[in-house]
Amino acid sequence: MDKKLTMALAGNPNVGKSTLFNALTGSRQHVGNWPGKTVEKKEGTLKYKGHKINVVDLPGTYSLTAYSIEELVARDFVVDKCPDVVVHIVDATNLERNLYLAVQLIEMGANVIVALNMVELAKKAKITIDEKKIAHFLGVPVVKIEANKKTGTGKLLDKALSLTGRKKKKSLITYGTELEEHIAKLEELIKKTIKLPENYDPKWIALKLLENDNEIINKINAIENSKIIIEEAAKNRKHLHDVFGEDVDTSVADARYGFIGGLMKEAVVKKEVNRLSASENIDRVVMHRALGIPIFFALMWVMFNVTFAFGAPFMDLIDVGFGQLAESTGTFIENATLLPAWVGSLVVDGIINGIGSVLIFVPNIFLLFMMIAIMEASGYMARAAFIMDKVMHRVGLHGKSFIPMIIGFGCNVPAIMATRNLESEKDRILTMLINPFMSCSARLPVYVLFVGAFFSAYQGTIIFLIYLFGIFVALLSGMLFKKTLFRGLSSPLVMELPPYRWPAVKGILIHTCERSWLFVKKAGTIIFAIVIVIWVLASMPWGVEYASEESVIGQMGGFIAPVFGPCGFGEWQPAVALMFGFAAKEVVVGTFGTLYDVEDEGLGALIHSHFTPLSAAAFVVMVLLYVPCMAVVAAIRRETNSWKWPLFVVVYTSVVAWVCAVVVYQGGLLLGVA
Amino acid sequence: MSLAMAECGKKVLIKEIASGVCLRKRLSDLGIYEGVKVEVVRNDFSGPVIVSVLDSKVILGRGEVHKIMVE
Ligand SMILES: Nc1nc2c(ncn2[C@@H]2O[C@H](COP(=O)(O)OP(=O)(O)O)[C@@H](O)[C@H]2O)c(=O)[nH]1
Ligand SMILES: [Mg+2]
């Protein structure tokens, strides 16, 4: 018989959910959005023994109380969407804390299977786990797996298929007579007065109300006649506080950890081994009080140099490939006498050169995304958050906000989305506002071109300095915003410091390919469209010389160019390039390719003849800081749900960029730099 | 004394978490609640503190450790 079922993968962050997801679904996965929200939803399908299983990779959570939007999504999916099976992935080396979520999932009435992951690591750490006993305690199946080796997944799926329909489970934990009485009373009241949505267990709701869970209180508030229940719960809460001298949530946490502690005693044997692990030794160095920050920047520097060193040969290959394509297409069209000459110009000048000048950066971008993904998966990102916490505090943020900033080096769009991890709205907005100054990979081509043309000997180092300058402006802006727009206390910093792990090659590759593919797709769609628009504007009015000052595009550029006069690049071509760069930063270089008639000398040489080293520097600063691309503006609009902040970003970044470019150019002139 | 004053390497018992329910719940999700023992792994007396609890490590901001009373 064919069954179709939905299986959700839940668990704490970093326990191997995504690794298991990749192991189960392979390439049959897609990234979508959660309805109404913009959190990425990773779904995939899998066929097993004639059944079709829809697997959903949920964001990591520590409990069923949600603090960030990401956690809210995970919680709501389990609570409201009622998946047929919830596989709770548990890090076997950190069982006690992980089981806290398991207990809550089971209490909620979900169909839980506990997947004990990383059992080999646990074995190495001399932890012996009796999974049968755990299953007995929890009343749900427990399976040992090793996600990165795909062991145990068959057994896991067998168990998933055998679990059908929700059954009423006996209660897992007893919270003491007094509390239990209150839960029972409230449960009765709920059953009597309101109609709960189908999948809600009234007892669980009663407990959550007593625990003072805001989200659940809001949900119940939305139901008819619920006022009396909310009031009753508040009264009970107060009474229980008076009796126990502590809030209900503390008593509940105590009881849950007490239960888990008992389970651990029965089912787990830990041999005390030498605690000073490799992880701690690494941390001594990379989180060193004085050396931590220099090491972080040294790593960044290595990262950028690797990007160029390993990217270069591939870039040459792509360059040669597109050159040949342009040449042979050009000759082909010339020989095909039926085609008018403008077709050749469109295809060769417009499309092939335009797209080629963008796709050439795929190797760089691939490498950059790969290194960011490795930083994330290995656990280093959390260290960076720790060492940058003090610096970030000056800006009114805390270290956790630094993670989206690093992701911004790849692309600001996922970086803006990564702010969903932050708990306070104020932190989120502030982090989004300063994120565009983190130089994304689309700006890289401009640096490569300009720095290569003038200062090629120190390319890696200079580009690294450009990135540093971006961070500097971001932090300075943060400080300014904190003093003006976002006064008040910083939000709390509570985050786990995960142990170091070897990143799974497959996971890194899937993630990197996904991101790079988005870039290629962008090249094929948005950038393709802009290239054609540029070509059309450069060819009109009819009969004018292609991409000359008399063309429409030339006139448009000539119109805005005076604005950039004080920055040292008041010609019309850079103005046009910057204008189209707002659509996508990748286009800046391609526009130069179209506007300066590139023959044999190459774009670099042309830049050399149109810019001085000083005006090149000012232009690079301009590209680094000015308006983020449309996609980022749209992302900020989506995430803040208003036009206010995206518009603010557009205006603010434009002003800052212009001022900085003018300072660089005029300052340089004053100092006598040519 | 508050956790902010606890020295590196010390094992301390959490006596009271004097904060709103939100932060208190967050902490208990990570295994830090009244009555549990934690080990201070890192405290520079400025910047965040790292404690070890239930086989994992947790970073706590300076503002938060002031609200956690220990002995
Ligand atoms: N040794 C070992 N490492 C694993 C295993 N599963 C995942 N990992 C690693 O744990 C880290 C976090 O995994 P990930 O799937 O991203 O966790 P998620 O945050 O739960 O999605 C990665 O570096 C993985 O390579 C496993 O079974 N054994
Ligand atoms: Mg994941």
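Definitions and limits used
- Residues numbered from 1 in each chain as written.
- Chains lettered and ligands numbered in written order.
- Predicted model: local features only at pLDDT ≥ 70, side-chain atom pairs only at ≥ 80, totals over all residues.
- Heavy atoms only, no water.
- Helix = DSSP H or I, 4+ residues; strand = E, 2+ residues; numbered from the N terminus.
- Rg over C-alpha atoms; globule rule 2.2 N^0.38 Å.
- Buried < 20%, exposed > 50% of the residue type's maximum accessible area, 1.4 Å probe, protein only.
- Contact = heavy atoms within 4.5 Å.
- Areas by Shrake-Rupley, 256 points an atom, 1.4 Å probe, with all protein chains shown as cover.
- Patch = residues over 30% accessible without salt bridge, like charges linked within 9 Å, V, L, I, M, F, W, Y side chains within 5 Å.
- Salt bridge = Lys/Arg side-chain N within 4 Å of Asp/Glu carboxyl O.
- Lys, Arg positive; Asp, Glu negative; His and termini not counted.
- Charge placed at Lys NZ, Arg CZ, Asp CG, Glu CD.
- Buried area = accessible area lost by both parts, 1.4 Å probe.
- Polar contact = N/O pair within 3.5 Å; in protein donor to acceptor, adjacent residues only side chain to side chain.
- Nonpolar A, V, L, I, M, F, W, Y, C, P; charged D, E, K, R; others polar.
- Pairing = 2+ DSSP bridges.
- Axes fitted to C-alpha atoms, helices over the stretch in contact; angles between N-to-C directions.
- Near = heavy atom within 4 Å.
- Domains from an automatic or database assignment.

A. Fine view of the overall build of chain B. The number of helices and strands found in chain B is two helices and five strands. Reading the helices (α) and strands (β) of chain B from amino to carboxyl end gives β-α-β-β-β-α-β. The globule rule puts the C-alpha radius of gyration for 71 residues at 11 Å, and the 10 Å found for chain B is close to it. Summarising its shape, the C-alpha atoms of chain B cover approximately 25 × 25 × 20 Å along the three principal directions. Counting only residues that meet the buried cut, chain B has 65% of its 71 residues in that class. Here the contacts in chain B between residues at least 6 apart in sequence split such that 54% fall between residues at least 24 apart. Carbon and sulfur atoms form 55% of the exposed surface of chain B, whose accessible area is close to 2600 Å².

B. Looking closely at a negative patch on the surface. Together, E545(A), E549(A), E550(A) and E571(A) make up a negatively charged patch on the protein surface. Residue position: E571(A) is located in the loop between α24 (552–560) and α25 (572–581).

C. The arrangement of the pattern of salt bridges in detail. Residue and element names in this part refer to chain A. Counting across every chain of the model gives 31 salt bridges over all chains. As a salt-bridge pair, D76 and R75 come within 3.8 Å of each other at their nearest N and O atoms. When its relative accessible area of 2% is taken as the criterion, R75 is described as buried. For the salt bridge of D76 with K219, the shortest nitrogen-to-oxygen distance reads 3.0 Å. Here the residue D76 occupies a position in helix α2 (residues 69–81), and K219 occupies one in helix α9 (residues 214–221), the gap between them amounting to 143 residues. Given a relative accessible area of 17%, D76 falls into the buried group.

D. Quick look at the interface of chain A and chain B. With 37 residues of chain A in contact, the opposing surface of chain B contributes 30 residues. Here chain A meets chain B over a buried area of about 3300 Å², counting both sides, of which 53% is carbon and sulfur. On the chain A side of the contact with chain B, Y67(A), F386(A) and V494(A) bury the most area, a combined 20% of that side's loss. With a shortest N-O distance of 2.8 Å, D249(A) and R24(B) are connected by a salt bridge. In this assembly, chain A and chain B are joined by 20 residue pairs in polar contact (both at pLDDT 80 or more). Secondary structure elements with two or more residues in the side of chain A that touches chain B: α3 (95–108), α11 (248–267), α16 (380–387), α17 (389–394) and β10 (494–497) of chain A. Ranked by residues supplied to the side of chain A that touches chain B, first place goes to α11(A) with five residues. Within the side of chain A that touches chain B, the residues separate by chemical class into 13 nonpolar, seven polar and 17 charged.

E. Just unusual backbone geometry, in detail. All names here are of chain A. A positive phi angle, close to 60 degrees, is found at M118, a residue other than glycine. Here M118 lies in the loop between β6 (112–117) and α4 (119–124). The residue N225 is not glycine, and still its phi comes out positive at about 60 degrees. If you trace the backbone, N225 turns up in the loop between α9 and α10 (227–244). Note on N225: relative accessible area 54%, which makes it exposed.

F. Main features of the sheet that holds strand β3 (residues 49–53) of chain B. Across the sheet, six strands lie side by side as β10(A)-β4(B)-β3(B)-β2(B)-β1(B)-β5(B); this open sheet has antiparallel pairing. The open sheet has two edge strands, β10 of chain A together with β5 (68–70) of chain B, and neither has a second partner. Going across the sheet, the axis of each strand differs from the next one's by a mean of 45 degrees, ignoring polarity. The sheet contacts of helix α1 (residues 21–29) of chain B involve β10 of chain A together with β1 (11–17), β4 (56–60) and β5 of chain B, and relative to β10(A) the element is tilted by about 10 degrees.

G. The arrangement of the site of ligand 1 in detail. Residues and elements named next belong to chain A. By nearness alone, 18 residues border ligand 1, and N14, K17, S18, T19 and E146 come closest of all. In this structure, N117 approaches ligand 1 through a side-chain N or O atom, which is 2.9 Å from an oxygen atom. In isolation ligand 1 offers 580 Å² of accessible surface; the protein chains occlude 86% of this area. For the shell around ligand 1, the leading source of residues is helix α1 (residues 17–25), giving three residues. In terms of residue class, the shell around ligand 1 is made up of nine nonpolar, six polar and three charged.

H. Region of interest: the domain arrangement of chain A. Its domain assignment divides chain A into domain 1 (3–162), domain 2 (177–270) and domain 3 (529–670). One C-alpha centre belongs to domain 1 of chain A, the other to domain 3 of chain A; they are set 48 Å apart.

I. Fine view of the pairing of β6(A). Residue and element names in this part refer to chain A. Burial of β6 is extensive: six of the six residues sit out of reach of the surface. Of the two faces of β6, both are covered, the one formed by V112, V114 and L116 as well as the one formed by I113, A115 and N117. Bridging between strand β5 (residues 85–91) and β6 involves six bridges; their strand directions are parallel. If you follow I89 over to β6, its bridge partner there is A115. Bridge count between β6 and strand β8 (residues 142–144): three bridges; the pairing is parallel. By the bridge assignment, V114 is partnered in β8 with V142.

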